[in-house]
Amino acid sequence: MVRANGAVSLRELARVVQTSEVTVRRDVRALEAEGLLDRRHGGAVLPGGFTRESGFPQKSHLATAEKTAIADLAAGFVEEGEAVVVGAGTTTQELARRLARVPGLTVVTNSLLVAQALAHANRVEVVMTGGTLRGSNYALVGSGAEQSLQGLRVSRAFLSGSGLTAERGLSTSNMLSASVDRALVQAAAEVVVLADHTKLGSDTMFQTVPTDVITRLVTDEPPGHDDRALTELRALADQGVQIAVAGPGAGSGPAGGGEGGGSAGRQSGRMGPTQGRGGEEGLPLPGPRRNHPHPPGGPGSAQLRTAVPLAEQPGRVADLAPRRR
């Protein structure tokens, strides 16, 4: 099934072979040990390392709940009347569906899927780049796309990718996609990376956004046993990246604070204390290297949990402890 489709979910495997997901997960782990496939959250894909990139049909079935929660949270950072750029990807496509509710918004994108999600939003202006269509992810790439972004300036860029590490930042497996993403970054005052926990600690071939350029990471909470993702989150926080974690239930409310969008726990310099839906109070992380003119608060702020510096309780995202210099 993996060879035929590029990716499969554990649920689908269990249904086809008529066994439990626990049994399937154990067998998938054994197959990964033999180098026959790579595990992903909720499924498995063909092994690829640095060079292979899954196409849109495969990516769209992986970590869908996490991508939805991340998109809901990220939409809260966009306010009425802003101009933003949104890169290609399945997570950014989910974000675009929520941005359709923000009036007066201008979205610049090289993604046909993002443009399609906003096509019927009569209060959102969509600006497409030029370029050559890359069919595997429905994105416009090449010199035409890059040239159309020259001279552009927007408030922020929302980007996804194939991997994210504290050492190299955001990366992707395709050279043309990486080049366009870098042009999108140049057009924005700040950069917001959308990455579910399965991408944390993964390093792919072409760097798109160095860590010191990333303003904020919006992610989901890794399982407690995912030491690689937890380690990367701590390292990213230590380098000043502002981290917003979409906790359980974060995707249940209106995206972007309803009709008017809204702030999601923003303050100048750092994430403000917020109340998670599970009743745990978040504490601020170290501030990023940029000034954020927007005040804290807004409907979205009640739906996010931030990482907090509680070194005495290691092992959870909520307990990230940046190292003091």
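Here the structure is shown first, and the text comes after it.
None of these values were measured; they are calculated from a predicted model.

J.: Can you tell me about the pattern of salt bridges, naming the residues and giving the values?
T.: The full count for this structure, using the stated rule, is nine salt bridges. When the shortest N-O distance is used, the salt bridge between Arg26 and Asp27 registers 3.7 Å. Note on Asp27: relative accessible area 40%, which makes it partly exposed. When the shortest N-O distance is used, the salt bridge between Arg168 and Asp203 registers 2.6 Å. In this pair, Arg168 is assigned in the loop between strand S10 (163-165) and strand S11 (169-172) and Asp203 in the loop between strand S12 (188-194) and strand S13 (206-209), connecting sequence segments 35 residues apart. The class for Asp203 is partly exposed, based on a relative accessible area of 25%. Via salt bridges that share partners, Asp72, Glu94, Arg97 and Arg98 belong to a single interconnected network.

J.: Describe the sheet that holds strand S2 (residues 38-40), with residues and values.
T.: What the three strands build is an open sheet, ordered S1-S3-S2; its pairing is antiparallel. Only two strands of the sheet have a single neighbouring strand rather than two, namely strand S1 (7-9) and S2. Taken over all neighbouring pairs, the strand axes of this sheet differ in orientation by 25 degrees on average, direction set aside. As paired strands, S1 and strand S3 (residues 43-45) are joined by three bridges and run antiparallel to one another.

J.: Tell me what's going on with the sheet that holds S11, and back it up with residues and numbers.
T.: In a beta sheet, neighbouring strands are held together by backbone hydrogen bonds and run either parallel or antiparallel to one another. Strands sit in the order S10-S11-S13 across an open sheet of three strands; the sheet is antiparallel. Strands at the two margins of the open sheet, each flanked by one partner only, are S10 and S13. Averaged over neighbouring strand pairs, the angle between their axes works out to 40 degrees when direction is ignored. For S10 and S11, the ladder comprises three bridges, and the chain directions are antiparallel. By the bridge assignment for S11, Leu164 is matched with Leu170.

So, how was this worked out
- Residues numbered from 1 in each chain as written.
- Predicted model: local features only at pLDDT ≥ 70, side-chain atom pairs only at ≥ 80, totals over all residues.
- Heavy atoms only, no water.
- Salt bridge = Lys/Arg side-chain N within 4 Å of Asp/Glu carboxyl O.
- Buried < 20%, exposed > 50% of the residue type's maximum accessible area, 1.4 Å probe, protein only.
- Helix = DSSP H or I, 4+ residues; strand = E, 2+ residues; numbered from the N terminus.
- Pairing = 2+ DSSP bridges.
- Axes fitted to C-alpha atoms, helices over the stretch in contact; angles between N-to-C directions.

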